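Each chain, letter by letter, is given below.
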Amino acid sequence: MSSISILHRACLRLALLPLPPLRARATALRPPPLRRHLHLPRRSAMSTAASRLSHIAAATGAGGGAAGESNEPPPAVPAAAQEDDGLSSGDMGYRLPPKEIQDIVDAPPLPVLSFSPNKDKILFLKRRALPPLSDLAKPEEKLAGLRIDGNSNTRSRMSFYNGISIHNLLDDGTLGPEKEVHGYPVGARINFVTWSQDGRHISFTVRIDEEDNKSGKLRVWIADVESGEARPLFKSPEIYLNAIFDSFVWIDNSTLLVCTIPVTRGSPPQKPSVPSGPKIQSNETKNVVQVRTFQDLLKDEYDADLFDYYATSQLVLASLDGTVKPIGSPAVYTSIDPSPDDKYLMVSSIHRPYSYIVPCGRFPKKVELWTVDGKFIRELCDLPLAEDIPITMSSVRKGKRSINWRADRPSTLYWVETQDGGDAKVEVSPRDIVYMENAEPINGEQPEILHKLDLRYAGTSWCDESLALVYESWYKTRKTRTWVLSPDKKDVNPRILFDRSSEDVYSDPGSPMLRRTDMGTYVIAKIKKQDGSTYVLLNGMGATPEGNVPFLDLFDINTGSKERIWESDKEKYYETVVALMSDKTDGELSLDQLKILTSKESKTENTQYYLQTWPEKKQVKITNFPHPYPQLASLYKEMIRYQRKDGVQLTANLYLPPGYDPSKDGPLPCLVWSYPGEFKSKDAAGQVRGSPNEFPGIGATSPLLWLARGFAILSGPTIPIIGEGDEEANDRYVEQLVASAEAAVEEVVKRGVAHPDKIAVGGHSYGAFMTANLLAHAPHLFCCGVARSGAYNRTLTPFGFQNEDRTLWEATSTYVEMSPFMSANKIKKPILLIHGEQDNNSGTLTMQSDRFFNALKGHGALSRLVILPFESHGYSARESIMHVLWETDRWLQNYCVNSASKADSDSVADSENKTLSASGGSAAREALGPEGSSYLPRSLL
């Protein structure tokens, strides 16, 4: 499965898992190609991991569209000759790919949907197409792991919407007429679209670009849902949002708590022209501090002052009637979380001393409890700087973490504390303890122990006084457990509900569906049948050897019995349960009144959304999105299965161009695009993930674009790197990588759809790392490669990478043998390297591609390096994306479609090997691969 597909599945999965407090985020559904994702309208019971992701979503514009999309005409690309003119190094201007690719990428994006808390209205959030490069070229500050637009005082490159319309969702499931939200300035960039708790208002931010390509500051606006009329929340034009961390949250139906830029703030600090002294870091205390290769860190005291300047907020209570009340003192507030009964605020902030080696998420953190009007009650914790979190997987920060409100109680807090010092290598029982206590303990009450865990805490789903589910997991063994608790009944002992491997998707029972409470939180939904029996709803992906068949089960927590009440069509369609729609009242829900939102798609039909009601199970279609790329509507897709030589079962999605006839067209040039994954067992690695009936989402840089150029595409062939028992997966990385690639190539050649001499390989990030390794160690399989935003020298990431948590000094040979940089002398096939100049992903510094290209060039390899100005780990500007597609298409045409025959290239390779050998080289050893393993090219077998 490609990295893009993995991300899509992860987002969808998060929408179905128990989630942490979202504080009035918008309920949003993304149609293809971005896939669907559900943002719950307010607070919900959630896991720690999902909580982190919710803050990331907020930072990138929770309520903003995919980065910089537009309905405006595409920005012009600088004129340049389109023919290949013997291109060499240097600045040649941006190019455009063939029109058949351009047309797909430039297609107008579909809107994002956001459901009201009562599920009776839907917002259509309109987006624009790819942004111009000028958007990315705006000045930004790189501070403490963040990238900040100083002009707008928010995260840089933030996505946005450019229009909002409202539809009533009628009783019969159809949509009422469109009502445009109006009153805000023309050309406004809209973010953070959020419903009030009663659904009568929406709040959002507006910013207008200023002259000289500068971003404008964000102002909070309010729109009346009934009329669609919008107005600024603040009467004063001098009050602006500070969205570096949190933004705003509805306290009640008429009041918002807003993070604002302090009105007394002056100009940014000026960088001293002459430093006051040297930059010094010291470890005279001999602490063991191992950190990954974080980027954009603070460099000196000036950076720390600048970070304080932009990140410091003043919290303000603002009522819809215009009343404004500042609360608390200015500070670097990172989250504001009202209690379910809206009487308290849990306020988190970070403070000095800062660090030059870790990002702001590890800075000292203080969590306080205030009244809703800003009166300090007590401090919940003040955590010290966390530079020394071990790199071992499942290691965590010391002290209180995952502090949240119980979703089923007015004002009860819960949190977890580690008992192993946060170090996963320490053997101790219990490893984590979950506590809870009232917001204001009475008469010296001590925190109550909710549960003790031997694995690492992974979240809690609340229901009521008699039911909560607590999750724990352990990465090294992939073990995951779900515990059943009666949180307020001390005489009922906790028991294990599910104990399984997280890798074993076939045994996944599903996740409990949540319903909205009157307090605006989300708890486990209980369903009552006519006989009075009570169940929870488990929503599962339904992985099977034939592919995913999502389901909805009535599950008896006490007996473990279950009844399937809904299942996806498995013959033609792929359907999923997206949300519970019948959750307007507290208490148990009647099965006869159950209403759910589902999605439906097929290989050729894009995703649409439906309402399904019980007991008739009547299905009503509520969207009618047009096909996003009709020119590829009749493409061929098949989920194929094949076997690696060690017996591991593998799968891939094979795509063929519309109208392809194997008897007439014969074998095609083929592009293989993938991303390796680590597993602890062969059985789990061989399980089928995904559905053969899923609609093929095609993003702006998707390999599926080359279907329009007549290629066969093998998308996401599974490349499992397995380490069973005490074995580390990466110790046999190259061997398993090559074996997986050989099996994939043999399968498409055997089927007659791919020309054996015209198979290219590509990938992004860890997929780029894979691509370079395959060209080094399996040159007999591929004619060329495309590697985007990769890391190629693992000695530059000495304290771990991907899921490797041993250091370079603990696993030296593994680091060296996995690094294609160390095998640059073996790469004889053409390789195209592409990298964003401002890559901020941990480990994939732009320097990785620079140095790898120099190593390749130093050995005369046919190679090309493209550095994209202003781009990060993924690419977003239209000019950049079009140029990436042009470079990739040119590479594939020159070195795949028009490549020399296998026999010719093998004879050249033989000649080179003989020359190297005659001059004292080690051709025989190189042909055998690392440590004499048998990766002989076919010409030498």
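Scroll up for the structure.
Quantities reported herein were computed from a predicted structural model and do not represent experimental measurements.

Draft legend 1. Representation of the nonpolar core. In terms of nonpolar packing, the biggest core is built from 61 residues, with Leu714, Tyr733, Leu774, Phe782 and Phe852 touching the most fellow members. Of all the elements, helix H8 (residues 733–750) adds the most residues to this core, at 9 residues. For Leu714, the contacting residues outside a window of four places in its chain are Ile640, Ala652, Asn653, Leu654, Cys670, Leu671, Val672, Trp673, Ala744 and Val748. Ile101, Ile104, Tyr655 and Leu885 belong to the second largest nonpolar core, which has 34 residues in total.

Draft legend 2. Up close: unusual backbone geometry. That bond from Arg352 to Pro353 is cis: its omega, 10°, falls within 30 degrees of zero. Its location among the elements puts Pro353 in the loop between strand E17 (344–350) and strand E18 (365–371). For the bond running from Trp614 to Pro615, omega is 5°, close enough to zero to count as cis. In this fold, Pro615 is placed in the loop between strand E38 (608–613) and strand E39 (618–621).

Draft legend 3. Spatial organisation of the pairing of strand E10 (residues 201–207). With respect to burial, E10 is a largely interior element, 7 of its 7 residues being buried. Sheet analysis places strand E9 (residues 189–195) next to E10, joined by 5 bridges and oriented antiparallel. When the bridges of E10 are listed, Ile190 appears paired with Val206. Hairpin geometry of E9 and E10 is characterised by an intervening segment of 5 residues between the two adjacent antiparallel strands and by a positive phi of about 75° at Gly199.

Draft legend 4. Just the sheet that holds strand E27 (residues 495–501), in detail. With respect to topology, 4 strands assemble into an open sheet ordered E24-E25-E26-E27, the strand pairing being antiparallel. Each edge of the sheet is formed by a strand with only one pairing partner; in this case those strands are strand E24 (456–464) and E27. The sheet shows a mean angle of 15° between the axes of neighbouring strands, taken without regard to direction. Two strands pair when backbone bridges link them, and E24 and strand E25 (residues 467–474) are joined in this way by 7 bridges, in the antiparallel orientation. Looking at the pairing, Ser461 lines up with Leu469 of E25.

Draft legend 5. Layout of the sheet that holds strand E12 (residues 230–232). One open sheet holds the 4 strands; their spatial order is E9-E10-E11-E12, and the pairing between them is antiparallel. Edge positions in the sheet fall to E9 and E12, since each of these pairs with one other strand and no more. For this sheet, the mean inter-axis angle between neighbouring strands, taken without regard to orientation, is 30°. Inspection of the sheet shows strand E11 (residues 219–224) paired to E12 by 3 bridges, in the antiparallel sense.

Draft legend 6. Geometry of the side chain of Arg478. Note that Arg478 resides in the loop between E25 and strand E26 (479–485). Within polar-contact distance, the side chain of Arg478 engages the backbone oxygen of Tyr475 at 2.8 Å. Setting aside residues up to four positions removed in sequence, Arg478 forms contacts with Arg500, Ser501, Ser502, Glu503, Glu678, Phe679 and Lys680.

Draft legend 7. Here's a closer look at the packing of H8 against helix H9 (residues 766–777). For the pair H8 and H9, interaxial distance at closest approach is 10 Å and the crossing angle is 85°. Considering the angle they form, H8 stands roughly perpendicular to H9. Contact residues: Tyr733, Val734, Leu737, Val738 and Ala741 in H8; Tyr766, Phe769, Met770, Asn773, Leu774 and His777 in H9. Residue composition of the contact of H8 with H9, by class: 9 nonpolar, 2 polar and no charged.

Draft legend 8. Local environment of helix H11 (residues 846–858). If you check H11, its first and last C-alpha atoms are 19 Å apart, about what 13 residues at 1.5 Å a residue would give, namely 18 Å. Regarding H11, the residues found buried are Thr846, Gln848, Ser849, Phe852, Phe853, Ala855 and Leu856. Buried residues belonging to H11 abut H9, strand E48 (831–836) and strand E49 (863–868). Backbone geometry just after H11 places Gly860 at a positive phi near 75°.

Draft legend 9. A look at the pattern of salt bridges. Following the criterion strictly, the structure yields 55 salt bridges and no others. As a salt-bridge pair, Asp408 and Arg406 come within 2.7 Å of each other at their nearest N and O atoms. Comparing Asp408 with Arg406 shows no difference in burial state: the two are buried. Residues Lys572 and Glu605 are paired through a salt bridge, measuring 3.2 Å at the closest nitrogen-oxygen approach. Remark: Glu605 occurs in the loop between strand E37 (595–602) and E38 and Lys572 occurs in the loop between strand E34 (562–567) and strand E35 (573–580); sequence separation between them is 33 residues. Via salt bridges that share partners, Arg401, Asp420, Glu427, Arg431, Asp432 and Arg456 belong to a single interconnected network.

Draft legend 10. Quick peek at H8. Under the 1.5 Å per step criterion, the end-to-end length of H8 is 26 Å for 18 residues, consistent within 8% with the ideal 26 Å. Counting buried positions along H8 gives 14 out of 18 residues, so the element sits mostly inside the fold. Within two residues after H8, Gly752 carries a phi angle of roughly 80°, on the positive side.

Draft legend 11. Seen up close, the environment of Leu597. Relative to the helices and strands, Leu597 is located in strand E37. Leu597 sits in the buried class, given a relative accessible area of 1%.

Draft legend 12. The arrangement of the pairing of E35 in detail. A large share of E35 lies buried, amounting to 8 of its 8 residues. Both E35 and E37 contribute to a ladder of 7 bridges, which runs antiparallel. Residue pairing in the sheet places Thr576 in a bridge with Ser599 of E37.

Draft legend 13. Quick look at the packing of aromatic side chains. In total, this model carries 20 aromatic pairs according to the counting rule given. Centroid distance Tyr333 to Trp370: 6.0 Å. Interplanar angle 90°. Geometry classified as edge-to-face. One end of the pair, Tyr333, is in strand E16 (residues 324–338); the other, Trp370, is in strand E18, and 37 residues separate them in sequence. Across this residue pair, the class does not change: Tyr333 and Trp370 are buried. An aromatic cluster is defined as three or more aromatic residues linked by ring pairs; in this entry it consists of Phe245, Phe307, Tyr354 and Phe363.

Conventions and cut-offs
Residues numbered from 1 in each chain as written. Predicted model: local features only at pLDDT ≥ 70, side-chain atom pairs only at ≥ 80, totals over all residues. Heavy atoms only, no water. Core = buried A, V, L, I, M, F, W, Y, C linked by side-chain atoms within 4.5 Å. Buried < 20%, exposed > 50% of the residue type's maximum accessible area, 1.4 Å probe, protein only. Helix = DSSP H or I, 4+ residues; strand = E, 2+ residues; numbered from the N terminus. Contact = heavy atoms within 4.5 Å. Pairing = 2+ DSSP bridges. Axes fitted to C-alpha atoms, helices over the stretch in contact; angles between N-to-C directions. Polar contact = N/O pair within 3.5 Å; in protein donor to acceptor, adjacent residues only side chain to side chain. Parallel < 35°, antiparallel > 145°, perpendicular 65-115°, else oblique. Nonpolar A, V, L, I, M, F, W, Y, C, P; charged D, E, K, R; others polar. Expected span 1.5 Å × (residues − 1). Salt bridge = Lys/Arg side-chain N within 4 Å of Asp/Glu carboxyl O. Phe/Tyr/Trp six-rings, centres within 6.5 Å; stacked < 30°, edge-to-face > 60°.

Interpretation note: all reported values are geometric properties and have no functional meaning in isolation.
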